[in-house]
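# Chain and residue survey
So you can see what is in the structure, the chains are spelled out below.
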Amino acid sequence: MANLNIDSVKERTFDAIVIGSGISGGWAAKELTGKGLKTLVLERGRDVKHNIDYPTTNMYPWEFKHRNEIPLAVREENPIVSRCYAFHEDAAHFFVKDKEHPYIQEKPFDWIRGYQVGGKSLLWARQTQRWSDFDFEGPARDGFAVDWPIRYADIAPWYSYVEKFAGISGNKDGIAELPDGEFLPGFPLNTVEKYFSDHVKKTYNNRHVISARCAHLSKPEPIHFEQGRVQCQNRVLCQRGCPFGGYFSSNASTIPWAMKSGNMTLRPFSVVQSIIYDENKGKATGVRVIDTNTKEVIEYYARIIFVNAAALNTNMILLNSTSNRFPNGLGNDSEVLGKYVAFHLYTATVNADVEGFTEFKTEGRNPAGGGYIPRFRNVQKQETDFLRGYAAGLGAYRSTHTDSSGVGSKLKNSLGSPELGGWGVGSHMMGETIPKESNYVKLDKDQKDEWGMPLLRISVDYDDNDHKMTNDYLEQVGEMFETAGFKNIRKEITKGKAPGLDIHEMGGARMGHDPKTSILNKWNQVHTCSNVFVTDGACMTSTACQNPSLTYMAFTARSVDYAVNEMKKGNL
Ligand SMILES: Cc1cc2nc3c(=O)[nH]c(=O)nc-3n(C[C@H](O)[C@H](O)[C@H](O)COP(=O)(O)OP(=O)(O)OC[C@H]3O[C@@H](n4cnc5c(N)ncnc54)[C@H](O)[C@@H]3O)c2cc1C
């Protein structure tokens, strides 16, 4: 019996454990296994195998039972996820449904999740921009949160490293506040976007409209073919899972790569409840998991642990990892765990009509989505009555009129060749928010979910800075449209939008110099539990206004490199 136990412990012991298999967990798995570590990847959801588990990927519009709409009953049952723009019949199976995974909203917060192998990497919009020193120096310059313990120079080589493997399309635009990367060719702007880009260049000395940078293989390199991925076909059906691997997802890229190494064990249906801390050893020894099929509680052991469950889930796991040494959550001597949660401000749009250009139309689709206006407010210095700034998405399109009257051949013909209307242009805001102690998550003391995890209580709200920034966006982009000669300008604050729907929640286990005011050091390593690393959005000290996932990838690769070197030196 004793031998059986020893064998069983041996079977459950690995060099490294990764919690979560989404964008950051996939990278942790790839890097750890690539460096020869036997790695267990624990994923709470089901497995989703590239090319096998994309049931809708080749379906025609008419093959969807509800023409790709979500039926009213489903929407009524799932009001939170139904507010996500990507929640349609073709991808609904990759989204968490409200009822299945409840949480408590102390204040309205739309928490959008994807619980499966690959996490939200199957659903993301693939927008990928680097941060610059204007972002890493932000908290110190503007006096909020705590100083980032790193600067752009620390992370720049790691951006290059992950970009080459993931495949990022874009142009070398030479803008200091949005550093260039290792780009595959960018997707071109259309005629009206290009006109607007030229107009902005002529009219403003610090504003730019560039091709959106995104994780698509516009022209694959050998490293992408080696992953079994080929050129993006511009289908723009990405949220269904891409059979070409045309965009970066963990499923198409990092997870199969890690599997190929022979060093990865992937265990789906495994909810990590907590990290086990050994008081005598002064470090973590493993994790406690509940198998979602059998409800069996199992422990797994490893020398190092990477927590990559996505920002708020990672907070949950750390808060739930209590011991005599850490009664309020792993590494939480500072009591900041769960606090200083921030998000992105996707609260406003500006739309307009464009006169002329009717000799031009768009051909095909643009998977990058169009243009991107990098942040131009408060970059070099503080110049407005709010802190920080915003970027904006930009897209121009030619409208079509379809005469859907009649039946038979008349209807068929008019559907087949819709009449082209005029051009329109639209922009949406992507603002930075200021992390605050009053924006927090914590565990409910009484209520638990089906898997024995306390329910998460979320208390996150907008502030005055957000409102001022939103108004500035409307004013400034409105003015840019006006000076470009666009007509019928419609500025809109999105009504009743709660934080969270930007799907870029960050913080709670922030990085910092000082263990008294932060959870992680400059290597994403828990200050007071050196063999645990957090490299998903929970680590973020501030949010910048760039889309965050590329930065999580870079942090993860950098942190694994450090951890494995420390292991080799015998320090971990
Ligand atoms: C519609 C949409 C559009 C988006 N667009 C963009 C974009 O354009 N650019 C961008 O940068 N970002 C975008 N995002 C956000 C992006 O998807 C996330 O930033 C990214 O996926 C975060 O990576 P992650 O590894 O932290 O989390 P995830 O990718 O969510 O992966 C976390 C994984 O951990 C698992 N997990 C959670 N809890 C546990 C547990 N207790 N035990 C075991 N496993 C657990 C989950 O099931 C999941 O698989 C978008 C997201 C959505 C949904």
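Above this note sits the structure.
Okay, so let's go over this structure. For clarity, every value in this text was computed on a predicted model and none was experimentally measured.

It is worth spelling out the overall build of the protein at this point. The secondary structure content of the protein amounts to 14 helices and 21 strands. A globule of 572 residues ought to have a C-alpha radius of gyration of about 25 Å, and the protein, at 24 Å, matches this closely. In terms of its C-alpha atoms, the protein occupies a principal-axis envelope of roughly 80 × 55 × 50 Å. Looking at the protein as a whole, 59% of its 572 residues qualify as buried. Within the protein, residue pairs in contact and separated by at least 24 positions form 72% of the contacts whose partners lie at least 6 positions apart. Where the 67 positive side-chain charges of the protein centre and where its 68 negative ones centre are 3 Å apart.

This part is about the sheet that holds strand S18 (residues 454-459). With mixed pairing, the 3 strands of this open sheet are ordered in space as S3-S18-S17. Of all the strands in the sheet, just strand S3 (104-105) and strand S17 (440-448) have a single pairing partner and so form its edges. Where helix H11 (residues 311-319) meets the sheet, its contacts fall on S17 and S18, and the angle it forms with S17 comes to roughly 60 degrees.

Despite not being glycine, Asn-51 shows a phi value in the positive range, around 75 degrees. Summarising the element assignment, Asn-51 is placed in the loop between strand S2 (39-42) and helix H3 (72-77). Positive phi values are uncommon outside glycine, yet Tyr-340 reaches one of about 60 degrees. As for its position among the elements, Tyr-340 is in strand S11 (residues 339-342). Judged by relative accessible area, Tyr-340 falls into the buried class, the value being 17%.

In terms of residue burial, H11 counts as a mostly covered element, since 9 of its 9 residues are buried. Within H11 the residues assigned to the buried category are Ala-311, Leu-312, Asn-313, Thr-314, Asn-315, Met-316, Ile-317, Leu-318 and Leu-319.

To continue, consider the site of the ligand. Taken together, the neighbourhood of the ligand is formed by 37 residues, with Ser-24, Glu-43, Lys-120, Ala-125 and Ser-549 sitting nearest. Take Ala-125: an N or O atom from its main chain is 2.8 Å from a nitrogen atom of the ligand. At 2.9 Å from a nitrogen atom of the ligand is found a main-chain nitrogen or oxygen belonging to Val-272. Within the complex, the protein chains bury 98% of what would otherwise be the 990 Å² of accessible surface of the ligand. Secondary structure elements with two or more residues in the shell around the ligand: helix H2 (23-34), strand S8 (270-278), H11 and helix H14 (549-568).

Before going further, it helps to spend a moment on the packing of helix H7 (residues 152-166) against H14. The interhelical angle for the contact between H7 and H14, taken along N-to-C directions, is 110 degrees, at an axis separation of 8 Å. With respect to H14, the axis of H7 lies roughly perpendicular. Of the residues in H14, those touching H7 at Asp-154, Ile-155, Trp-158, Tyr-159, Tyr-161, Val-162, Glu-163 and Ala-166 are Leu-550, Thr-551, Met-553, Ala-554, Phe-555, Ala-557, Arg-558 and Asp-561. Classifying every residue of the contact of H7 with H14 gives 11 nonpolar, 1 polar and 4 charged.

Moving on, we come to the nonpolar core. If you look at the biggest cluster of nonpolar residues, it comprises 128 residues, and the most contacted ones within it are Ile-19, Phe-196, Ile-275 and Val-287. Top contributing element to this core by residue count: H7, with 8 residues. Residue contacts for Phe-196: discarding those within four places in its chain leaves Val-209, Ile-373, Leu-394, Met-480, Phe-481, Ala-484 and Phe-486. With 21 residues, the next largest nonpolar core counts Val-41, Val-117, Ile-255 and Ile-304 among its residues.

A few words on the packing of aromatic side chains. For the structure on display, the rule yields 27 aromatic pairs. Measuring from ring centre to ring centre gives 5.5 Å for Trp-27 and Phe-165, while their planes differ by 70 degrees; the resulting arrangement is edge-to-face. Within this pair, whereas Trp-27 is found in helix H2, its partner Phe-165 is found in helix H7, the two being separated by 138 residues in sequence. Assigned by exposure class, Trp-27 and Phe-165 land together as buried. In this structure, Lys-30 is placed above the aromatic ring of Phe-165, and the distance from its NZ or CZ to the ring centre is 4.4 Å. Above the ring of Trp-451, the side-chain terminus of Arg-44 is found at 5.4 Å from the ring centroid.

Residue placement: Glu-432 occurs in strand S16 (residues 419-432). Residue Glu-432 is classed as buried on the basis of its relative accessible area of 1%. Side-chain polar atoms of Glu-432 contact the side chain of Arg-388, separated by 3.2 Å. Residue contacts for Glu-432: discarding those within four places in its chain leaves Phe-144, His-344, Arg-375, Arg-388, Gly-389, Asp-466, Met-469, Ser-542, Thr-543, Ala-544 and Cys-545.

Procedures and definitions
- Residues numbered from 1 in each chain as written.
- Predicted model: local features only at pLDDT ≥ 70, side-chain atom pairs only at ≥ 80, totals over all residues.
- Heavy atoms only, no water.
- Helix = DSSP H or I, 4+ residues; strand = E, 2+ residues; numbered from the N terminus.
- Rg over C-alpha atoms; globule rule 2.2 N^0.38 Å.
- Buried < 20%, exposed > 50% of the residue type's maximum accessible area, 1.4 Å probe, protein only.
- Contact = heavy atoms within 4.5 Å.
- Lys, Arg positive; Asp, Glu negative; His and termini not counted.
- Charge placed at Lys NZ, Arg CZ, Asp CG, Glu CD.
- Pairing = 2+ DSSP bridges.
- Axes fitted to C-alpha atoms, helices over the stretch in contact; angles between N-to-C directions.
- Near = heavy atom within 4 Å.
- Polar contact = N/O pair within 3.5 Å; in protein donor to acceptor, adjacent residues only side chain to side chain.
- Areas by Shrake-Rupley, 256 points an atom, 1.4 Å probe, with all protein chains shown as cover.
- Parallel < 35°, antiparallel > 145°, perpendicular 65-115°, else oblique.
- Nonpolar A, V, L, I, M, F, W, Y, C, P; charged D, E, K, R; others polar.
- Core = buried A, V, L, I, M, F, W, Y, C linked by side-chain atoms within 4.5 Å.
- Phe/Tyr/Trp six-rings, centres within 6.5 Å; stacked < 30°, edge-to-face > 60°.
- Lys NZ or Arg CZ within 6 Å of the ring centre and 35° of its normal.

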